[in-house]
There are 2 protein chains.
Amino acid sequence: MTKYIYEFGPDKTEGDASQKNLLGGKGANLAEMAKLKLPVPPGFTISTECCNHYFDLNGRFPDTLEEEILKAMANIESHTGMIFGDPKNPLLVSCRSGARSSMPGMMETILNVGLCTTTIPGLIKKTNNEWFVYDAYRRLIMMYSDVVMEKAEQIHPKDGMGIRLNLEMMMNNLKNDKGYDNDTDISTEDLKALCERFKKKIRENLGADFPDDPKEQLMGSIGAVFKSWNGKRAVSYRRIEHIPDNWGTAVNVQTMVFGNMGDTSATGVAFTRDPATGDNKFYGEWLVNAQGEDVVAGTRTPNPLNTDTKNSQNKHLPSLEESMPQLYKQLFDIRNLLEAHYKDMQDIEFTIQEGRLYMLQCRVGKRTATAALNMAMDMLEEGTIDERTMVCRLDPKILDDMLHPIVDPDAEKTAVKVAEGLPAGPGGAWGQIVFTAEDAVQWAKSDKNVILVREETNPEDIEGMRAAAAVLTARGGMTSHAALVARGWGKCCIVGAGALKINLATKELRVGTRVFKEGDIFTLNGTKGMVYQGQLKMKDASENVRFKAFMAIADKYRAMQVRTNADTPADAMTALDFGAQGIGLFRTEHMFYGADSDKALFLLRKMILSKTHEEREAALEELFPFVKEEIKTTLQIMDNLPVTIRLLDPPLHEFVPQSRENQQEIADALHIDIEEVFKRSEQLLESNPMIGHRGVRLGITYPEISHMQVKAIFEACAELIKAGKKPMPEIMVPVTCNEKELAFVRDIVTQCHDQTLKTYEIDALPYLYGTMIEIPRAALIADKMAEYAQFFSFGTNDLTQMTFGFSRDDIGSFMNDYIDNAILSSDPFETLDQEAVGCLVTTAVERGRKTRPEIKLGICGEHGGDPESVVFCHKAGLNYVSCSPYRVPIARLAAAQAAIMYPDCR
Amino acid sequence: MTKYIYEFGPDKTEGDASQKNLLGGKGANLAEMAKLKLPVPPGFTISTECCNHYFDLNGRFPDTLEEEILKAMANIESHTGMIFGDPKNPLLVSCRSGARSSMPGMMETILNVGLCTTTIPGLIKKTNNEWFVYDAYRRLIMMYSDVVMEKAEQIHPKDGMGIRLNLEMMMNNLKNDKGYDNDTDISTEDLKALCERFKKKIRENLGADFPDDPKEQLMGSIGAVFKSWNGKRAVSYRRIEHIPDNWGTAVNVQTMVFGNMGDTSATGVAFTRDPATGDNKFYGEWLVNAQGEDVVAGTRTPNPLNTDTKNSQNKHLPSLEESMPQLYKQLFDIRNLLEAHYKDMQDIEFTIQEGRLYMLQCRVGKRTATAALNMAMDMLEEGTIDERTMVCRLDPKILDDMLHPIVDPDAEKTAVKVAEGLPAGPGGAWGQIVFTAEDAVQWAKSDKNVILVREETNPEDIEGMRAAAAVLTARGGMTSHAALVARGWGKCCIVGAGALKINLATKELRVGTRVFKEGDIFTLNGTKGMVYQGQLKMKDASENVRFKAFMAIADKYRAMQVRTNADTPADAMTALDFGAQGIGLFRTEHMFYGADSDKALFLLRKMILSKTHEEREAALEELFPFVKEEIKTTLQIMDNLPVTIRLLDPPLHEFVPQSRENQQEIADALHIDIEEVFKRSEQLLESNPMIGHRGVRLGITYPEISHMQVKAIFEACAELIKAGKKPMPEIMVPVTCNEKELAFVRDIVTQCHDQTLKTYEIDALPYLYGTMIEIPRAALIADKMAEYAQFFSFGTNDLTQMTFGFSRDDIGSFMNDYIDNAILSSDPFETLDQEAVGCLVTTAVERGRKTRPEIKLGICGEHGGDPESVVFCHKAGLNYVSCSPYRVPIARLAAAQAAIMYPDCR
């Protein structure tokens, strides 16, 4: 027989904090506090396993559950001396959800379970407080009818309002009619009458009676909490937070204690340290004569817990320290005990019932990025935690907040939203909106702060994107052109804001009925994907000494190197500042995207639109010095560090000129008619360019292109060596699927290498030769690829595209449906799919190392900057990850944490 | 020490016919004939292994080779009594290539090696025939200078002509000057002088002397034969025939015998049975006083070997049977002995030197499809071979010739070629060329035979393609739209004939300087990809009783079922005739391509361009009866046989109307402006539709589409069951990459199934539910897919696309370079890539069977009709292959042969 119930309380406690998976976070910590002999009202936790069985049984309880519940209830009764359903001394309980990881507000709670016509008189007699009892009763009715009778039964309200809103309106009307200001003003008689009218309304709207039997209430509440695990809000939350559906929730049934039994009663929430700054100060809020929900609901301004918590808004209000010094002392001791025990900042809930303190919850407290950093460093310095623990205390995902200016969260609260999109580039920015790259460049020249708004961007927009403070597009996903470029630069960017209707002709933007014109000001929160009207206040998060110290400690534990994807000397500089240990991806073609490269782009186009081998050779010769110079500069900046230089990758049509003016210019240069330019461009068009003529395939059909690039690399190196530098180039062939492709290009590389040695009269030109692994076939035959490749760099963007058969440019049409229907738990372009893409990576690692044990292995897809994926890379045994410059610190931290958590993987 | 040399001859023979891999075909059979004590001139074979070592050593002989050669030459000398290089009794030898599989004319031969100024006088004295000796000498000079001195050394002729042509012109000029008609007319003195002038010319043009040392000649010849393995012609041939580069060639060095030593000498070639008809008749040609090359060169009309070989052209010429009855008798006995020994038709070469018969070659003879069939059946009936052997005697690839009308090969010899393309649809056809689908339909209506010529075809051309006798396109590959459709129909089709420049406006076609107009007549050989001018004679290859008997025997041995890919009732009928055992792929969308489905296509378009769920539901309801009817008809034809019905697969944009007229029609039907039609169409456009919103992804975003299709399937079945039929539908979900997609669609299937049972009041509706495996991820997680799928059908077209990252629509730009550079040995869309795509298939088979041992496994990609791939499918343990109707017999035979060759695979 599976044991479903774990009791906790002063007499008997069966679980502890380590059992979060089984008991949920709340249950495990209640048990732990009980073990620590803290004043926890007795109760029990129904396990998450029971929740899963409940769903397996299509919403039926396992047969043995009821018996277990009755037994556990009897134990509570014997401890408290109260009896559930007893007319004289009735026990009331709460039913609360509690999942493995906190899902705040996503699931349900029912309080005061056990109040009914038979128990009400006894409770009144016992508490001598009729008002209190009827207030508790109306709360139970409101919660129960909403959660158990309506939501859990999936009843769709006829009037579209839902029972909760109906009852609330009835209560509001009563207050208005009678001139009551607060809930506490309502008279007992009014409350009594209201409860009856509530019950009538429930019967009318839901077609069922509010149950008057305590046991029915209890079982209904438990079932409803289970069902709330699959409620719409909870499911959406899980999608966003990547929480698996099969974790399930536990249910905590616990003796009710009341903070609203008069002036010797109170309730509060507190943090063992300041969650905003991380300061080592006990921080909290409380209310006298109130129930827990009153503190968080915001209907009453809560009092400061102590002097430390006082601020300009609440300094006139009485603190618990002042009002109930004895109880505060007891709470403060508990705070110290919990911090010493958990060695981390705790978020606690407490209730004082008629002068007695009860602990209702304790969990690791949420904190801002700054607070997380400060607390971790403080606790290390205090000797509370060791370095490994400290390193793991900072969630790599929140580092972004520390590295970019952000929209002031306070300002954001009251801002007018324009639209929502995907958070493609981090941080915040404001500016005047413009609709073309040209305008962005022009306006920026006259020192205006601009936001470039486009349907979607393409390489011709690059200058405008650089000039703009932020980029906003109506179409595209997290790996669209705009997103990739912006993230690479660390520029604020929102993509796929579908609500925007752009009219280029009138330079207007419509969102529903609202119209915005060129020059109007928007503020973007690129970390959240929110677009606001007007200029919001920004917060600067500049250089942080403590952060540097933290990262220095983290770096000690890392097993993987962290490189950067950098396409320009400027990127390389930024990345070095962020601690990059080399370049993992230098995309040779990106030099044609920059603002200063008009001439180079023109020559590239000339080469692409060449008809004959001779024309192409001539164009390549003109192009050569530009390519060599760009490579040389980057190698110089990265002196003594490895730089992986990828040969030409994208399909050529991407570079074809789009504007009539540029087309004419090319026509003139090639001495052909503009019609011929159209024709040649058209010949380069492909049905599926992503899986078309690109990467090494270009190098096979036009070996002269590879030759030019490789020669540029070697000559740049030769010149640097002669100048006393130590370049470390790694020549990388993209889009390979066959070892013979590598053999083909290697011949060119060897030839250029030998020729350069001769030309420059030098003895050695050290380099590595390797390949991207981004096509499933390449991963599957990695043993053969490794015969030629000295390194593999996993291009997990493309590998994901091919493994899923998902074109990342086109997933917009169905990705949301996939997430909503739980077919995928996350966008595989954001977080690496370990099941299949990961399987190809580990296969390639294993097969590659078999052929060449010393092979160097890295990743240069977008996943290189995703913490979860970095952990995977560590486990897979890669030597390095490479990511965009602004993600380098994130990858460093994630890699350090991976090494600490999985020390045996290497 | 590796043994490189294997001797053969009357005294000592080291190899036999089983050693083809080591000795090449020619060497192995010379050894076998020697073992059979047939009169084989003694010699030796240098192994293919030596050839590989030669290339490993960058064109140097292994150190031990020369010693082995000298030893073997000494053995020949001791047997023949002649000495190599001896001034008195010189031995002459031939050097011939001989690869594992025959590569006729692709590699080199040098005869008369050993003739030089020191040996000439001795040979003259011995033969008493000065003319013969100088004729042999000039032949040696011509061959040697061409093969050894020019080609093997990769010398590019300065005058662009090459030494061979130079020497031939000198000989022709001599003949013209002196009025000689034939080579044999040239006087001895003229020959002597010519040889001296040859040597001078060689010195001038090649900068080296013709070697006068027998040993130098021999070693040079051996090296040149090795090098010819990597000659341009040989490499191209290997690409076409899929022969691996590392097989290498052997070299056969053999005592020269001469058929040109007067009227008691002769030479000939023969087949042990008639290679054209298969008749059991000794068939051959011979020439008196001639060398072997004279028979095949076509410069003299050869004599018939015997009475059986006489025909209208040669009946006046003397047969060997008549001229040399004794020798003919000896040869005839040898023929009988060889047939009895090899149990297959042999192609033999013989030479008679001064009344003595020598056997120079014996190998399995090439034959026509008809001959192959007849010989196999005859030999079975004669009791020479068993059924298994018989089944393996017919190459599945040549079955095409038996199933389609073909261009008369005789007519083809003299035809005027227009262009060449890819052989996309088999057989031959002639017709008047037209340039639009509409014209094709119109002209066909007035009973004209038309060939539809298009840049490339799209679904809107379907009617025209149906109406045309053949289809010819200037663009596209073997799996382009035109190719797929034509092959499916078994219609003659040539694609990618790049030389065609089509001008739609003038209805003209240019090929270089030639211009063809609408109405001009072309003849197409779709099996070879040749386009000819004018109307060529066709050969009908109708119903063949013997073929049916042959196939019936083959079917007994098959382990796999063979189904067909059929999209229409007509296809289904054809396939049944060809022996299909069900439908492996019924593409529901193809019903919208047919000529009679205007209304259905219109409704589909209406559905696709619907904006709201309601609009779409309404359109689907209108569409429903068409879909149901089409499915019902097909299930009825395939009564009692499985029919795999694939749910909607292609991206919706494929169906969007292209013509203004069709767009207006849709606009009217949807009560929207035509501009809105453009807009909605544009929204469906994708960057990479092949990996975009298609297959099950459509079914997830628009579950109503799947619902309509599944409902149509079940209702069609229900109606058939009520009519006493036994439909066996298998519902297949395309483009899946995740087991949850299957769970999602299964819910729809279950719901429709249950609903149909109720509606039709029937007890059972048997069906299977399964999926395509065409995305790498699906193959990798096949264990999970099998939790929901009762069958897998490998869609190896798409699986190849994703595994290679090759868009089959776009490979045209690089595939030729890949084949030419030996990066790929064949187009992976034609022959399954066993290394990686095959690895995914076997992985999926293994993982799928692990979860569900009884899972049904099949293949429905184009590879299902490719013999090599069928063998792979057998080895992989699939239950069936499915291919286009006209390929069903090919797949049946290939499957039978696979089962015979690999009986232990299942």
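As the structure is a prediction and not an experimental result, all values here were calculated from the model. (Residues numbered from 1 in each chain as written. Chains lettered and ligands numbered in written order. Predicted model: local features only at pLDDT ≥ 70, side-chain atom pairs only at ≥ 80, totals over all residues. Heavy atoms only, no water.)

Chemist: Summarise the overall build of chain A; cite the residues concerned and give the values.
Modeler: Within chain A one finds 35 helices and 33 strands. In terms of overall size, chain A behaves like a compact globule, its C-alpha atoms giving a radius of gyration of 33 Å where 906 residues would be expected to give roughly 29 Å. Burial status across chain A gives 59% buried among its 906 residues. Intrachain contacts of chain A at a sequence separation of at least 6 include 68% that bridge at least 24 residues. (Helix = DSSP H or I, 4+ residues; strand = E, 2+ residues; numbered from the N terminus. Rg over C-alpha atoms; globule rule 2.2 N^0.38 Å. Buried < 20%, exposed > 50% of the residue type's maximum accessible area, 1.4 Å probe, protein only. Contact = heavy atoms within 4.5 Å.)

Chemist: Before we move on, could you go through the pairing of strand β32 (residues 856-859) of chain A and cite the residues and values that matter?
Modeler: All names here are of chain A. In this structure, strand β31 (residues 791-794) lies alongside β32, joined through four bridges in parallel fashion. Looking at β32, one finds that Phe 791 is bridged to Lys 856. As judged from the two bridges shared by β32 and strand β33 (residues 880-883), these two strands associate in the parallel manner. Directly across from Gly 858, in β33, lies its bridge partner Tyr 880. Once you follow β32 into helix α34 (residues 867-876) and on to β33, the crossover reads as right-handed. (Pairing = 2+ DSSP bridges. Right-handed = clockwise from strand over helix to strand, strands pointing away.)

Chemist: Which residues make up the sheet that holds strand β24 (residues 530-533) of chain B, and what are the values?
Modeler: Residue and element names in this part refer to chain B. The mixed open sheet is built from eight strands, whose spatial order is β14-β24-β23-β16-β17-β18-β19-β15. Of all strands in the sheet, those with a lone pairing partner are β14 (417-420) and β15 (422-425), marking the two edges. Ignoring strand direction, the axes of neighbouring strands in this sheet form an average angle of 30°. Taken together, the three bridges between strand β18 (residues 470-473) and strand β19 (residues 492-495) define a ladder with parallel strand orientation. (Axes fitted to C-alpha atoms, helices over the stretch in contact; angles between N-to-C directions.)

Chemist: Quick rundown of the nonpolar core? Include the residues and the values.
Modeler: Judged by nonpolar contacts, the single largest core of 298 residues is most densely connected at Ile631(A), Phe792(A), Phe806(A), Ile631(B), Phe792(B) and Phe806(B). Excluding its chain neighbours within four sequence positions, the residues that come into contact with Phe792(B) are Thr771(B), Ile773(B), Ala782(B), Met785(B), Ala786(B), Ala844(B), Gly848(B), Ile855(B), Lys856(B), Leu857(B) and Gly858(B). (Core = buried A, V, L, I, M, F, W, Y, C linked by side-chain atoms within 4.5 Å.)

Chemist: So what's going on with the relation of the copies chain A and chain B? Residues and values would help.
Modeler: Superposition of chain A onto chain B requires a rotation of 180° combined with a translation of 0.1 Å along the rotation axis, giving an RMSD of 0.2 Å. Taken together, these values place the two copies in the relation of a two-fold axis. When C-alpha positions in chain A are compared against the rotation axis, the closest is assigned to Asn688(A), at 2.1 Å. Interface residue correspondence from chain A to chain B reaches 100%, placing this contact among same-surface, isologous pairings. (Least-squares fit on C-alpha atoms with pLDDT ≥ 70 in both.)

Chemist: Lay out the packing of aromatic side chains in plain terms, naming residues and giving numbers.
Modeler: Residue and element names in this part refer to chain A. Scanning the model with the defined rule gives 38 aromatic pairs over all chains in all. Judged by centre distance (4.8 Å) and plane angle (85°), the rings of Phe 132 and Phe 258 are edge-to-face. Of the two residues, Phe 132 is situated in helix α5 (residues 130-151) and Phe 258 in the loop between β7 (249-255) and β8 (266-271); the sequence distance between them amounts to 126 residues. We classify Phe 132 as buried; its relative accessible area is 1%. Where Tyr 134 meets Tyr 137, the ring centres are 6.4 Å apart and the plane angle is 75°; that geometry is what we call edge-to-face. Pair noted here: Tyr 134 and Tyr 137 are both in helix α5, with a separation of three residues, about one helical turn. (Phe/Tyr/Trp six-rings, centres within 6.5 Å; stacked < 30°, edge-to-face > 60°.)

Chemist: Please provide a residue-by-residue account of the pairing of strand β5 (residues 93-99) of chain A, values included.
Modeler: Residues and elements named next belong to chain A. The element β5 is extensively covered by neighbouring structure, given that seven of its seven residues are classed as buried. Burial along β5 is two-sided: Val 93, Cys 95, Ser 97 and Ala 99 facing one way and Ser 94, Arg 96 and Gly 98 facing the other are all buried. Note: β5 against strand β6 (residues 109-113), three bridges, orientation antiparallel. Its bridge partner lying in β6, Arg 96 is registered against Thr 109. When β5 meets β7, the two strands line up antiparallel, connected through seven bridges. Residue Arg 96 lies in a different strand from β7, and its bridge partner there is Asn 252.

Chemist: Please give an account of the environment of Ser187(B) that cites residues and values.
Modeler: All names here are of chain B. With respect to the helices, strands and loops of the structure, Ser 187 is situated in the loop between α6 (163-178) and α7 (188-206). Put simply, Ser 187 and Asp 135 are 52 residues apart on the chain and 9.8 Å apart in space, counted from C-alpha to C-alpha. Not counting chain neighbours up to four residues away, the residues in contact with Ser 187 comprise Trp 131 and Tyr 180.

Chemist: Before we move on, can you summarise helix α22 (residues 598-608) of chain B with the specific residues and values?
Modeler: Residue and element names in this part refer to chain B. In terms of burial, α22 is largely enclosed, as nine of its eleven residues are buried. Taken together, the buried positions of α22 are occupied by Ala 600, Leu 601, Phe 602, Leu 603, Leu 604, Arg 605, Lys 606, Met 607 and Ile 608. Where α22 is buried, its residues meet α23 (613-637), α24 (660-669), α25 (674-684) and α27 (703-722).

Chemist: I'd like a rundown of the domain arrangement of chain A, residues and numbers included.
Modeler: Residues and elements named next belong to chain A. Under the domain assignment, chain A is made up of domain 1 (1-114 + 214-256), domain 2 (119-211), domain 3 (266-367), domain 4 (404-539) and domain 5 (557-588 + 618-649 + 703-905). Between the C-alpha centres of domain 1 and domain 2 there is a distance of 24 Å. In this assembly, 21 residues from domain 1 lie in contact with 17 residues from domain 2. Here domain 1 packs against domain 2, burying approximately 1,500 Å² in sum over the two surfaces, 64% of which is carbon and sulfur. Taken together, domain 1 and domain 2 are joined by two salt bridges. Counting only elements with at least two residues in the side of domain 1 that touches domain 2, the list comes to β6 and α8 (214-228). In terms of residue count, the dominant contributor to the side of domain 1 that touches domain 2 is α8 (six residues). (Domains from an automatic or database assignment. Buried area = accessible area lost by both parts, 1.4 Å probe. Salt bridge = Lys/Arg side-chain N within 4 Å of Asp/Glu carboxyl O.)

Chemist: Mind laying out the side chain of Asn29(B), listing which residues take part and the relevant values?
Modeler: All names here are of chain B. Its location among the elements puts Asn 29 in helix α1 (residues 20-35). Side chain to side chain, Asn 29 and Tyr 342 meet in a polar contact 2.7 Å long. Look past the residues within four positions of Asn 29 in its chain and what remains in contact with it is Ala 17, Lys 20, Tyr 342, Cys 362 and Arg 363. (Polar contact = N/O pair within 3.5 Å; in protein donor to acceptor, adjacent residues only side chain to side chain.)

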